[in-house]
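Report on the structure
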Amino acid sequence: MSSQSNDTICVQGGWAPKKGEPRVLPIYQSTTFKYETSEQMARLFDLEESGFFYSRLQNPTNEAVAAKIAALEGGVAAMLTASGQAALFFAFFNLCSAGDHVVSSSTIYGGTYNLLSVTMKKMGIETTFINQDASEEEIAAAIRPNTKVLFGETISNPGVMVLDIEKFARVAHAGGIPLMIDNTFATPINCRPFEWGADLVVHSTSKYMDGHACCIGGAIVDSGNFDWEAHADKFPGLTQPDPSYHGLIYSQAFGKAAFITKATVQLMRDLGAIQSPQNAFLTNLGLETLHLRMPRHCANAQQIAEFLQSHPQVAWVNYPGLPGNRYHALAQKYLPKGSCGVISFGLKGGRDESIRFMDSLKLIAIVTHVADARTSVLHPASHTHRQLTDEQLIAAGVAPDLIRLSVGIEDAGDLIKDVEQALRG
Ligand SMILES: *Cc1c(COP(=O)(O)O)cnc(C)c1O
């Protein structure tokens, strides 16, 4: 684990050029890599030697950026994927096969909800959704003998609910399973879930990490803390021979790197959802300023949340930085430097008024994306979550009148002026 501050890791982590090498992380725009002898290549394919052979599995640019993200989270290993969705699927599928079961918070990103409730269900992997604010006993009751992982988001998208990570970790570990956390909204600048007992972290790097809405990407990070061999019967994929590598056993051959190695050499080999080196390069440029941008996102969001809360046309505001917010105490514990730039709120007048308000904004744009430098707004019930019924919306933590405001790093005064004029209409 790196002893450096995350501020230094953001700028310099992952890439340490030797004499005469480029100061800036290069884009290794190559599908393949050269070796001197047939024997060297054979050892790579037997996983007896580490090295790059084909960019469907690994690429040096990606590897450097993954190492930076691993260091930022305080993990032992990481990998990049083509998208956040791919990271989530790979992380779940690295633990689960047909007949297995997942327990997940119900108030999660809509894409992850669909992945678990529809697509993975078709593969024979079932999910029980629980209320993340439920008691330890209630959450534990959802764990079955075939459950392989407990899952939640540090700060839920779009509900902006803060997860009690320690509570989730206790329940997972009592059930002999790892806790996996989607840390996209908090980023490791504001919260490092491994310090609170999480075992695996996933990211959509498309959000604050890139930060400029330039490239889709994902990452999986392993803390190295979960003891797969102590629960060998539950995780045969990690602790039993892999016939596709002459009977290699990941937990024995790779120790703390077993999870990421298996996801790379088996799932990435077979499914191929790798991030392009070009996108990894852009993600790295974003990461170089993540530690500067996150405090600004939080400070701007705090000012706008306070403005909204005091406005007579606003029915409710959910931002964990507001005293009196339902998640304020959890935010103070897990996110003492600030939560994120995302606020959810509702207007008096409901759905119709929300649409009129959004159409009146001038500086703030209606876009699907969230968590980048430019302030944006979305009405999930009309946009991202429009397939869901009002009942399903409420179960997903999305009130039908909820407006999601993703506060960027512009001047807060200019943003408030825009919100004010749009409320006036
Ligand atoms: C956006 C998002 C994802 C999906 O990431 P993509 O990069 O869009 O595939 C997953 N989880 C959370 C919390 C997100 O905000």
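Being a predicted model, the structure only gives us computed values, none of them experimental.

The full set close to the ligand counts 15 residues, and Asn 157, Asp 182, Ser 204, Ser 206 and Lys 207 are the nearest of them. Here an oxygen atom of the ligand and a backbone polar atom of Gln 85 are 2.9 Å apart. Between the ligand and the protein, one listed contact pairs an oxygen atom with a side-chain N or O atom of Ser 206 at 2.6 Å. Burial of the ligand by the protein amounts to 93% of the accessible area it has alone, namely 380 Å².

As far as domains go, the protein chain holds domain 1 (6-286) and domain 2 (293-424). Averaged C-alpha coordinates put domain 1 and domain 2 at centres separated by 29 Å. Facing the 32 residues of domain 1 at the interface are 35 residues of domain 2. For the pair domain 1 and domain 2, the summed buried area comes to about 2900 Å², and 60% of that belongs to carbon and sulfur atoms.

Let us now look at the pairing of strand 1 (residues 77-81). Of all five residues in strand 1, five are buried; the element is thus mostly enclosed. On strand 1, burial covers both faces: Ala 77, Met 79 and Thr 81 on one face and Ala 78 and Leu 80 on the other are all buried.

Mapped onto the fold, Ala 91 is located in helix 4 (residues 84-93). Ala 91 sits in the buried class, given a relative accessible area of 1%. When the C-alpha positions of Ala 91 and Ile 409 are compared, they lie 32 Å apart, and in sequence the two are 318 residues distant. Sequence-distant contacts of Ala 91, defined by excluding residues within four places in its chain, comprise Met 180, Val 202, Ile 220 and Phe 259.

Reading across from one edge, 1-7-6-5-4-2-3 is the order of the seven strands in this open sheet, with mixed pairing throughout. On the outer flanks of this sheet lie strand 1 and strand 3 (126-130), each paired with one strand and no other. The mean inter-strand angle of the sheet, taken between neighbouring strand axes irrespective of direction, is 20 degrees. Against the sheet, helix 3 (residues 60-73) makes contact with strand 1, strand 6 (200-204) and strand 7 (218-222), and its axis sits at roughly 125 degrees relative to strand 1, the strand it touches most.

About the cut-offs
Residues numbered from 1 in each chain as written. Predicted model: local features only at pLDDT ≥ 70, side-chain atom pairs only at ≥ 80, totals over all residues. Heavy atoms only, no water. Near = heavy atom within 4 Å. Polar contact = N/O pair within 3.5 Å; in protein donor to acceptor, adjacent residues only side chain to side chain. Areas by Shrake-Rupley, 256 points an atom, 1.4 Å probe, with all protein chains shown as cover. Domains from an automatic or database assignment. Contact = heavy atoms within 4.5 Å. Buried area = accessible area lost by both parts, 1.4 Å probe. Buried < 20%, exposed > 50% of the residue type's maximum accessible area, 1.4 Å probe, protein only. Helix = DSSP H or I, 4+ residues; strand = E, 2+ residues; numbered from the N terminus. Pairing = 2+ DSSP bridges. Axes fitted to C-alpha atoms, helices over the stretch in contact; angles between N-to-C directions.

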